[in-house]
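The primary structure of each chain is shown beneath.
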Amino acid sequence: MIKQQSKIAVIGAGISGLACATTLQNAGLEVTVFEKSRGVSGRMSTRVNNQWQCDHGAQYFTASNPQFAAEVQRWHEAGVAKLWQPRLQMFDGVKFTDKTSLKYRYVGVPRQTSPAKFLAQNLNLLASTTINKVELIDNQWQLSSKEHGQLNHVFDALILAMPSPQAKVLLESSAPKLAKVAASVVMQGYWSLMCCFNNKLELPFDGLFVQNSLLSWVARDNAKPCRTLYNTAYSEIWVLHASGEWSEIHIDENADIVAEKMITEFIKLGGSIPQAYTTHLWRYADCANYSTLGYIWDNAIHVGLCGDWLNGGKVQGAWLSGQLLAEQLLKT
Ligand SMILES: Cc1cc2nc3c(=O)[nH]c(=O)nc-3n(C[C@H](O)[C@H](O)[C@H](O)COP(=O)(O)OP(=O)(O)OC[C@H]3O[C@@H](n4cnc5c(N)ncnc54)[C@H](O)[C@@H]3O)c2cc1C
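These numbers come from a predicted model, not from an experiment.

Participant: What is the right way to read the overall build of the protein chain from this model?
Facilitator: When helices and strands are counted, the protein chain shows eight helices and 20 strands. Its C-alpha atoms give the protein chain a radius of gyration of 20 Å, within 12% of the compact-globule value 20 Å for 332 residues. When the backbone C-alpha atoms are referred to their principal axes, the protein chain occupies close to 65 × 40 × 35 Å. Relative to its 332 residues, the protein chain shows a buried fraction of 53%.

Here's what the structure looks like:
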């Protein structure tokens, strides 16, 4: 049984893991979050250096669900999210169509990682800790990490808040049935290219959905609220995303060759050659198929799974998945 004093391990500090962890901690449980990266936020990510910043993962989020809308309002009031109203277009391979709409699109400010940092501020977080083994011993979960070996503490429950292929690997020996569910959701990679320009690009859009191309999305990152202050070295920062299909085929390609192909395509859309660029490969960016479970809670072995792959994808789906899992666990 989960009790007030129960110790919970949450593996993954993306938006689903943080939503789950904060709700459990607010209810009085003792929560520890483990994250393999140096910082939180997972795929809601921003590349930052001393010259520029660029959101190279999730571009914006929408909030059609009332519970998530209330959370976004809380982020807004805390100054970590703002409405983004980009000039949007679509290119179908032949013509450009205006897609600017009244739909509310939000971004983290001053960067996409800000809502996650806000959620994580009061959590017990162990970053740079890649959990590589989970074992159920005498009804308690023992964890090991790549960096520190076997950890000192044991836990009454385990939450995996990570892409399905990573959850599958961790659960294979200790919870094979759950590993099988995770294995049923296939995730695909995305190449992302961050481009720096000395001059402003005279393009009539801030965001472009692209079809029938190796690119799927193009955006003027510095058109988002609160961005310009940070881009001191360059006039403009643009981000290009390759499509999932193209990225999967070119997953093992040399990054500079990928960049060259993506820039060539950008030039066809009216862009130009950047003065500097950086590539990033998201190995598990998006789902080819989704589970409709919302979240998973196995009460027999006290293991929960949450993440976008269980709830329709996107930031909203991920946050809700973590939140609903926490609510389920508190009912247990
Ligand atoms: C290129 C791209 C564009 C996108 N665009 C949009 C968009 O415009 N709008 C939108 O709503 N969504 C978008 N998304 C999707 C959105 O980013 C995700 O749905 C959401 O961020 C997923 O959150 P999550 O918590 O489920 O997973 P993640 O964010 O992946 O978090 C999982 C965390 O677990 C950590 N982890 C994994 N394994 C371990 C381990 N063994 N030990 C410790 N830590 C581990 C990872 O480092 C990561 O921090 C995009 C995603 C990508 C990649």
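Participant: What am I meant to see in the sheet that holds strand β18 (residues 276-287) here?
Facilitator: Think of a sheet as strands paired side by side through backbone hydrogen bonds, with each pair either parallel or antiparallel. Taken in spatial order, the seven strands of this open sheet run β7-β6-β15-β16-β17-β14-β18, and their pairing is mixed. Strands with a single pairing partner mark the edges of an open sheet, and in this sheet they are β7 (96-98) and β18. Ignoring strand direction, the axes of neighbouring strands in this sheet form an average angle of 20°. As paired strands, strand β6 (residues 88-91) and strand β15 (residues 207-210) are joined by four bridges and run parallel to one another. Counterpart to F91 in the pairing with β15 is V210. Together, β14 (187-197), β16 (215-220), β17 (236-242) and β18 form the strand contacts of helix α7 (residues 255-268), whose direction differs from that of β14 by roughly 70°.

Participant: Help me understand the environment of P163 in this model?
Facilitator: Summarising the element assignment, P163 is placed in the loop between β13 (157-161) and α4 (164-171). Once you skip the residues sitting within four places of it in the chain, P163 turns out to touch R43, M187, Y284 and W309.

Participant: Looking at this structure, I do not really get the packing of α4 against helix α5 (residues 176-183). What am I missing?
Facilitator: Between two packed helices, what matters for the description is the angle formed by their axes and the separation of those axes. Following both chains from N to C, one finds α4 and α5 inclined at 160°, their axes separated by 8 Å at the closest point. Comparing their axes, α5 and α4 come out roughly antiparallel. Seen from above, α4 lies across α5 with left-handed handedness. The segment α4 lies against α5, with S164, A167, K168 and L171 engaging P176, L178, A179, A182 and A183. Tallied by class, the residues present in the contact of α4 with α5 amount to seven nonpolar, one polar and one charged.

Participant: Hey, could you run me through helix α8 (residues 314-331) in this one?
Facilitator: Since the α-helix turns once every 3.6 residues, residues separated by three or four places project in the same direction. With 18 residues, α8 should cover 26 Å at 1.5 Å per step; its first-to-last C-alpha distance of 26 Å lies within 8% of that length. Within the sequence span of α8, burial applies to V315, Q316, G317, A318, W319, L320, S321, G322, Q323, L325, A326 and L329. Each element contacted by the buried residues of α8 is listed here: β1 (7-11), α1 (15-26), α2 (66-77), β13, β19 (296-298) and β20 (303-306).

Participant: What is the right way to look at the sheet that holds β1 in this model?
Facilitator: Sheet architecture is open: six strands sit in the order β9-β2-β1-β13-β20-β19, paired in mixed fashion. Every other strand in the sheet has two partners, leaving β9 (124-126) and β19 as the edge strands with one partner each. Going across the sheet, the axis of each strand differs from the next one's by a mean of 15°, ignoring polarity. When β1 meets strand β2 (residues 30-34), the two strands line up parallel, connected through five bridges. Each bridged residue has a counterpart across the sheet, and for K7 the counterpart in β2 is E30. Contacts from α8 reach β1, β13, β19 and β20, with the element oriented near 155° to β20.

Participant: Teacher, can you tell me more about the pairing of strand β8 (residues 105-108) here?
Facilitator: Working note: regular strand, side chains alternate between the two faces of the sheet. Residues of β8 alternate between two faces, with R105 and V107 on one and Y106 and G108 on the opposite face, all of them buried. Bridging between strand β5 (residues 81-84) and β8 involves four bridges; their strand directions are antiparallel. Each residue of the ladder has a partner; that of A81, found in β8, is G108.

About the criteria used
Residues numbered from 1 in each chain as written. Predicted model: local features only at pLDDT ≥ 70, side-chain atom pairs only at ≥ 80, totals over all residues. Heavy atoms only, no water. Helix = DSSP H or I, 4+ residues; strand = E, 2+ residues; numbered from the N terminus. Rg over C-alpha atoms; globule rule 2.2 N^0.38 Å. Buried < 20%, exposed > 50% of the residue type's maximum accessible area, 1.4 Å probe, protein only. Pairing = 2+ DSSP bridges. Axes fitted to C-alpha atoms, helices over the stretch in contact; angles between N-to-C directions. Contact = heavy atoms within 4.5 Å. Parallel < 35°, antiparallel > 145°, perpendicular 65-115°, else oblique. Left-handed = near helix turned anticlockwise from the far one by under 90°. Nonpolar A, V, L, I, M, F, W, Y, C, P; charged D, E, K, R; others polar. Expected span 1.5 Å × (residues − 1).

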